[in-house]
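Each chain is listed here by its residues.
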Amino acid sequence: MFCVGRRPAQGVRYHGAGNAMKTLTVPEQSALVSRLSRACGGSYSPAQRRKYWISGPQWAAAYEGQALFHAPTRTPTGFEEVIRRYAEIGIPCWATHDTDVIPYSAILKDQQWEIVGRIKKSLDENGLKCSMVTTETFHHAVFAAGPAAEASAVRAYASKRLENTVEIGHKLGAEFAVYWPGSLGYQVQGAIEETQTLKWYAEGLNAACEADIALAKRHGRPTLKHCLEAKPFEPAAEILLPTSDAMLAFISSGLLRHPGMVGLNPEYLHELMWGAAPRAALARALLCGKLFHFDINDGYRLKHDVDLAVGLVNPLDWLNVLVLLRSHDYKGPFNLDYKPPRTTSNHGVFEVSFPTAVDRFITLWEMAGEVMTDPVLYEATEALKTGGTPSDPDDAASVFESQKELLTLHELISHRLFQILIGQHRGRTYSV
Ligand code: GLO
Ligand code: MG
Ligand code: MG
């Protein structure tokens, strides 16, 4: 049994009056966070965590808490530290934007290869793989009008950056390139012509795929999997490819010269943001054979991109998502694209935020396995599929009457999923 330092007296609620403890120095505060984090239990060893294809983005660990109305609350963290800390936690893969690690003064210049060399060394020393690279085509002022702006110089520059990222990917051994188009859209009415902008955007992807074909040959490697990531709004108000479904249509629109090389990187919260059921969006991508990569996080419907860590808001939905992916044998990476909250310190990012996110994911993944083998769920779903026998198969009322008792199983299935989520299927009980 773990011993938590101070036990509240019987009947004390966890939001107590706040004066039961003495004030703590900053080092004591860090020690308390580490101790309570261990007291939570339920964590996996780094070796167990490495069995899952989980990637940690550079930008997620290095996020300093800044936003439009927010000053940073954390200090900068370079790639050496992020890679080292991911290795310690047991996150087996690392992903990055080009400019997370290469400053604008060095990008597209010889100097970038010296940095790429240092990254490779750091990955090798820590036993991590680079699974994915992505181009930042949204932060710098040059992309104010988006990556497919009217000015051909902007588009030529964006194309070069995409091709360059593909080359960085091959040098680092990545298998995936992700494209989140950022401001591909508009703030004010009538400013852009949508069909033209989409054609220009396709040209950038075509250039990246063609560069990839040549580079893959030169490096003796397979081509990368190019994955489009949709977000319905933010940073622009109106987005030309706002959902994974819009991107599927774009991939098969005829504008891409290598549609077979291009698939999706859906993000859980990005689908929720527009009010979708993320599980249904993933199902559509699976049916098209385009679910290449998956950004995992959590948040709220119809709000902005809060990027909370997986399972903190919608654990039941997450369980269902993982049942779908396990049932369809999804084999791609799970990318921890979330933002540790501003209230989490630099110490907390690696002590609490990343290990707990990974552990919730693994727990939900394993629970999904329990769902798939649960006898109650099995019998219920089989019975629903078998159905009853109507006395008159051409009469709607008779067809309905012959199944109607079975349909109650829908609600029972949902209850059973809740029980599995909270461990009641294993006999966990609550006393009244
Ligand atoms: C922002 C996106 C972003 C992408 C990243 C990879 O909302 O989620 O983090 O995933 O740029 O292309
Ligand atoms: Mg997001
Ligand atoms: Mg994302």
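Residues numbered from 1 in each chain as written. Chains lettered and ligands numbered in written order. Predicted model: local features only at pLDDT ≥ 70, side-chain atom pairs only at ≥ 80, totals over all residues. Heavy atoms only, no water.

A. Highlighting the packing of helix α13 (residues 346–373) against helix α16 (residues 409–422). As a packed pair, α13 and α16 sit with axes 10 Å apart at the nearest point and diverge in direction by 135°. Between α13 and α16, the angle falls in the class oblique. The chirality of how α13 crosses α16 is right-handed. On α16, the residues that touch Leu364, Met367, Glu370 and Val371 of α13 are Leu417, Ile420 and Leu421. For the contact of α13 with α16, the class distribution of residues is six nonpolar, no polar and one charged. (Axes fitted to C-alpha atoms, helices over the stretch in contact; angles between N-to-C directions. Helix = DSSP H or I, 4+ residues; strand = E, 2+ residues; numbered from the N terminus. Parallel < 35°, antiparallel > 145°, perpendicular 65-115°, else oblique. Left-handed = near helix turned anticlockwise from the far one by under 90°. Contact = heavy atoms within 4.5 Å. Nonpolar A, V, L, I, M, F, W, Y, C, P; charged D, E, K, R; others polar.)

B. Summary view of the packing of aromatic side chains. With the rule as written, the count across this model stands at 16 aromatic pairs. An angle of 35° between the planes, with centres 6.0 Å apart, marks the rings of Tyr201 and Phe250 as tilted. Taken as a pair, Tyr201 in helix α8 (residues 194–219) and Phe250 in helix α9 (residues 244–251) lie far apart in primary sequence, 49 residues in all. A relative accessible area of 7% places Tyr201 in the buried class. Taken together, a centroid distance of 5.2 Å and an interplanar angle of 75° make the contact between Tyr330 and Phe334 edge-to-face. Since its relative accessible area comes to 7%, Tyr330 is described here as buried. Phe334 sits in the buried class, given a relative accessible area of 4%. Ring-pair connections join several aromatic residues into one group, and the members of that group are Tyr52, Tyr268, Phe294, Trp318, Tyr330, Phe334, Phe361 and Trp365. When the ring centre of Trp200 is taken as reference, the NZ or CZ atom of Arg155 above it lies at 3.9 Å. Lying across the ring of Tyr63, Lys339 places its NZ or CZ 5.6 Å from the centre. (Phe/Tyr/Trp six-rings, centres within 6.5 Å; stacked < 30°, edge-to-face > 60°. Buried < 20%, exposed > 50% of the residue type's maximum accessible area, 1.4 Å probe, protein only. Lys NZ or Arg CZ within 6 Å of the ring centre and 35° of its normal.)

C. Just the pairing of strand β6 (residues 225–228), in detail. Sheet topology places strand β4 (residues 176–179) next to β6; four bridges connect them, and they run parallel. When the sheet's bridge partners are listed, Val178 is paired in β6 with Cys227. Relative to strand β8 (residues 262–264), β6 runs parallel, the two sharing three bridges. Opposite Leu228, over in β8, you have Leu264 as the bridge partner. (Pairing = 2+ DSSP bridges.)

D. Fine view of α16. Given a rise of 1.5 Å per residue, 14 residues ought to cover 20 Å, and the 20 Å separating the end C-alpha atoms of α16 matches this to within 8%. Listing the buried residues of α16 in full gives Leu409, Ile413, Arg416, Leu417, Gln419, Ile420 and Leu421. Close packing links the buried residues of α16 with α12 (315–327), α13 and α14 (375–386). Just past α16, the residue Gly423 takes up positive phi, approximately 85°. (Expected span 1.5 Å × (residues − 1).)

E. Seen up close, the domain arrangement of the chain. Taken domain by domain, the chain consists of domain 1 (42–354) and domain 2 (374–426). Computed over C-alpha atoms, the centres of domain 1 and domain 2 are 39 Å apart. (Domains from an automatic or database assignment.)

F. Summary view of the pattern of salt bridges. Counted by the stated rule, this structure contains 22 salt bridges. Among the ionic pairs, Arg118 bridges to Glu114, the shortest N-O distance being 3.0 Å. Of this pair, Arg118 and Glu114 both sit in helix α6 (residues 111–126), separated by four residues, roughly a single helical turn. Of the residues examined, Glu114 reaches a relative accessible area of 43% and is grouped as partly exposed. In this structure, Arg416 and Asp374 form a salt bridge, with 2.9 Å as the shortest nitrogen-oxygen distance. Linking Arg416 in helix α16 with Asp374 in the loop between α13 and α14, this pair joins segments that are 42 residues apart in sequence. According to the relative accessible area criterion, Arg416 is buried, its value standing at 13%. Beyond isolated ion pairs, a larger network of salt bridges with shared partners links Glu81, Arg84, Arg85 and Glu88. (Salt bridge = Lys/Arg side-chain N within 4 Å of Asp/Glu carboxyl O.)

G. The arrangement of the environment of Thr389 in detail. For Thr389, the location among the structural elements is in the loop between α14 and α15 (396–403). Along the sequence, Thr389 and Gly204 sit 185 residues apart, while their C-alpha atoms lie 56 Å from each other.

H. Structural detail: the site of ligand 1. In the vicinity of ligand 1 there are 13 residues, among which His97, Thr134, Glu229, Glu267 and Asp337 approach most closely. The side chain of Trp59 places a nitrogen or oxygen atom 3.5 Å from an oxygen atom of ligand 1. In isolation ligand 1 has 320 Å² of accessible area, and contact with the protein removes 95% of it. Of the residues contributing to the shell around ligand 1, the split by class is four nonpolar, three polar and six charged. (Near = heavy atom within 4 Å. Polar contact = N/O pair within 3.5 Å; in protein donor to acceptor, adjacent residues only side chain to side chain. Areas by Shrake-Rupley, 256 points an atom, 1.4 Å probe, with all protein chains shown as cover.)

I. Seen up close, the coordination of the magnesium ion (ligand 2). Protein-derived coordination of the magnesium ion (ligand 2) comes from Glu267 (OE), His270 (NE2), Asp305 (OD), Asp305 (OD) and Asp307 (OD), at a distance range of 2.0 to 2.5 Å. Mapping the donors of the magnesium ion (ligand 2) onto the primary sequence gives the spacing E-x2-H-x34-D-x1-D. Separation of the magnesium ion (ligand 2) from the magnesium ion (ligand 3) amounts to 4.7 Å, with Glu267 serving as a shared donor to the pair. Remark: Asp307 occurs in the loop between β9 (294–295) and α12 and His270 occurs in helix α10 (residues 268–273); sequence separation between them is 37 residues. Overall, His270 belongs to the buried group, its relative accessible area being 2%. (Donors = N, O, S within 2.8 Å, 3.2 Å for Na, K, Ca; no water.)

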